[in-house]
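# Examining the three-dimensional arrangement
Here are the chains, one letter per residue:
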Amino acid sequence: YLALAVIIVGVGLFLRLYKMENRAPFDWDQNRDYKAIAEIAGGKATLIGPVVKGEGGFFLGPLYYYLVAPTYIAMKGSPSALPVTSIILDVLAICAMLILLPKLLGKKTTLILATLWGFSWFAIEMSRISWNVALVPLWSVLILWLLGKSEKFSWSLAGLLGLMVGLTWHIHAALIPIGLVVALLSWKLWLRDWENITSFIVGYGIPLIPLILFD
């Protein structure tokens, strides 16, 4: 299993990085994000991301921009830092599948799932796009893993589930209702007692703090 997992991750990473500089888009969105990341890397901390759709739109959460900042600094401000970070996040999703899902899905099914995502032309092309949505695959794997731990769902896991659902506000508006559906369908896990309920609400509220304060 370990040998196959290493091969899947290694080949998946290679396919995503191969000729990345010719295939990663750098449009208006990426230009906007590059400016925001450059400001963070320059020491201008922020609790809010840039505006979507120009003035009058809604603010993005700052999570993705802080995740890109270390790569931006390491690559000395290269625009390629943005797609490289998105690729890293996508490969981390594959690693998360291989580490977290075997007990839930079985080793064979996990290897098939990781192979499909790792070698999928669609997934490879999407991984080169630098934007907040790059977090969706990793978010999905973590949500699946959390929901699979129903037998031992402590207050800490309830808080982590709330945090993951709340982070949808930092990823994409289309994911927010999906996160709420996940919360509603998993009510038996976090509505068990007041500790779990409180932990879930606190976890959900933490990602919303910057948006509540500044948007």
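Residues numbered from 1 in each chain as written. Predicted model: local features only at pLDDT ≥ 70, side-chain atom pairs only at ≥ 80, totals over all residues. Heavy atoms only, no water.

The next point concerns the overall build of the protein. For the protein, the helix and strand inventory stands at 15 helices and zero strands. The C-alpha atoms of the protein give a radius of gyration of 18 Å, which matches the 17 Å a tight globule of 215 residues would have. With the principal axes as the frame, the protein shows a C-alpha extent of 50 × 45 × 25 Å. Of all 215 residues assigned to the protein, the portion counted as buried reaches 45%. Contacts in the protein between residues far apart in sequence, at least 24 positions, make up 70% of those at least 6 positions apart. Accessible area of the protein: about 11700 Å², with a carbon and sulfur share of 72%. Here the protein carries 16 positive and 12 negative side-chain charges, and the mean point of each set is 10 Å from the other. (Helix = DSSP H or I, 4+ residues; strand = E, 2+ residues; numbered from the N terminus. Rg over C-alpha atoms; globule rule 2.2 N^0.38 Å. Buried < 20%, exposed > 50% of the residue type's maximum accessible area, 1.4 Å probe, protein only. Contact = heavy atoms within 4.5 Å. Areas by Shrake-Rupley, 256 points an atom, 1.4 Å probe, with all protein chains shown as cover. Lys, Arg positive; Asp, Glu negative; His and termini not counted. Charge placed at Lys NZ, Arg CZ, Asp CG, Glu CD.)

Phi angles above zero are rare outside glycine, and Lys19 is one such case at about 50°. Inspection of the secondary structure puts Lys19 in the loop between helix H1 (2-17) and helix H2 (20-23). Residue Lys19 is classed as partly exposed on the basis of its relative accessible area, which comes to 45%. Unlike most non-glycine residues, Lys76 shows phi in positive territory, near 55°. Residue position: Lys76 is located in the loop between helix H4 (63-74) and helix H5 (81-100). Under the relative-accessibility criterion, Lys76 is labelled exposed at 80%.

All chains considered together, the criterion is met by five aromatic pairs. Residues Phe14 and Tyr18 carry aromatic rings whose centres are separated by 5.6 Å and whose planes lie at 40° to one another, so their mutual orientation is tilted. Look at Phe14 and you get exposed, because its relative accessible area is 51%. Members of the aromatic cluster, each reached through a chain of ring pairs, are Phe26, Tyr34 and Tyr72. (Phe/Tyr/Trp six-rings, centres within 6.5 Å; stacked < 30°, edge-to-face > 60°.)

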